[in-house]
Structures are given as C-alpha cells and as structure tokens.
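Commentary on secondary and tertiary structure
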Amino acid sequence: MNELLFMAVAFITGGILGILFFGGLWLTVRKAVASKTPAWWFLGSLILRIGAVLAGFYLIMQRGSWLIGLLCLLGFIIARVIVLRLTRDYESAHLDIKEAHYES
C-alpha cells in the first residue's frame with residue numbers, strides 16, 4: 001500500500017512539475033515579447049524552470065524505482081498537454097475579443 005501511495009505522489013508531482021515548467025514557459029514568452037531585454041527573460045526562466053524540474057525529479061527518484069520515475073515523467077507529459085490546451089484556448093479567446101474590438 002505504501003508503494004502504491006508513493007506511485008500516486010510521483011504521478012502528481014510530475015504533473016505539478018509539468019505545470020510549473022510549461023506554464024512558466026508560456027508566461028516567459030508573454031513577458032519577453034513585450035520586454036526590452038527578452039534574452040534575460042528567457043535565460044532566467046530557463047535556469048529556474050530546469051532547476052526546479054531537475055530537483056523535483058531527483059527527489060522523486062531517490063525512491064530508487066524506475067517505475068516511480070516513469071510515473072513522474074508521465075505526469076509531466078500529461079501536464080504539457082493540459083497546459084498547451086489551456087493556453088491555446090486562452091489565446092484564441094483573447095484574440096477573438098481583440099478582433100471584435102478592432103472591427104467595431
């Protein structure tokens with residue numbers, strides 16, 4: 001039972017790490033486009049996002065099972081799909097509002 005609980009924790013942790021990584025990337029792109037120094041936004045974000053994900057995967061993998069790491073990676077990948085879908089819907093909704101504003 002303890003192993004099953006840790007598998008669920010690994011999956012959820014992977015999802016959280018994925019949301020932080022890909023959500024952070026989306027926010028970085030939005031901020032960097034409007035910035036005078038976009039390179040600093042991208043570099044700082046890259047270091048923070050990769051550092052957080054590597055630390056999270058390292059802590060999860062301390063359990064020692066490849067299955068735990070695989071579940072964490074699966075949660076990470078599923079979070080990518082979710083963030084991609086949410087941000088696409090967000091961008092298309094805001095684009096529709098802007099187009100309607102310019103047409104009137």
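Conventions used here
Residues numbered from 1 in each chain as written. Predicted model: local features only at pLDDT ≥ 70, side-chain atom pairs only at ≥ 80, totals over all residues. Heavy atoms only, no water. Helix = DSSP H or I, 4+ residues; strand = E, 2+ residues; numbered from the N terminus. Buried < 20%, exposed > 50% of the residue type's maximum accessible area, 1.4 Å probe, protein only. Contact = heavy atoms within 4.5 Å. Axes fitted to C-alpha atoms, helices over the stretch in contact; angles between N-to-C directions. Parallel < 35°, antiparallel > 145°, perpendicular 65-115°, else oblique. Nonpolar A, V, L, I, M, F, W, Y, C, P; charged D, E, K, R; others polar. pLDDT = per-residue confidence, 0-100. Expected span 1.5 Å × (residues − 1).

What to know about the overall build of the protein chain
Scanning the protein chain from terminus to terminus reveals three helices and zero strands. In sequence order, the secondary structure elements of the protein chain are arranged as α-α-α. The buried share of the protein chain, taken over its 104 residues, is 24%. Taking all contacts inside the protein chain whose residues are at least 6 apart in sequence as the whole, residues at least 24 apart take part in 74%.

Quick word on the packing of helix α1 (residues 2-33) against helix α2 (residues 38-61)
Each packed pair of helices is defined by two parameters, the angle between the axes and the distance between the axes. Contact geometry of α1 with α2 gives a least axis separation of 9 Å together with a crossing angle of 180°. As far as their axial angle goes, α2 and α1 are roughly antiparallel. Taking contact as the criterion, the partners of Phe6, Ala10, Thr13, Leu17, Leu20, Phe21, Gly24, Leu25, Thr28, Val29, Lys31 and Ala32 in α1 are, on α2, Pro38, Trp41, Phe42, Ser45, Arg49, Ile50, Ala52, Val53, Gly56, Phe57 and Ile60. Taken together, the residues of the contact of α1 with α2 break down into 16 nonpolar, five polar and two charged.

Section: the confidence of the model for the protein chain
Averaged over every residue, the pLDDT of the protein chain is 89; the share at 70 or more is 88%. Confidence, expressed as mean pLDDT per element, reaches its minimum in the protein chain at helix α3 (residues 66-103) with 82 and its maximum at α2 with 96.

A short note on α2
Taking 1.5 Å of rise per residue, 24 residues should cover 34 Å, and α2 covers 34 Å from first to last C-alpha, within 8% of that figure. Where α2 is concerned, the buried positions are Ser45, Arg49, Val53, Gly56, Phe57 and Ile60.

So, the side chain of threonine 28
Relative to the helices and strands, threonine 28 is located in helix α1. Judged by its relative accessible area of 6%, threonine 28 falls in the buried class. With residues near it in sequence (within four places) discarded, threonine 28 still touches Trp41, Phe42 and Ser45.

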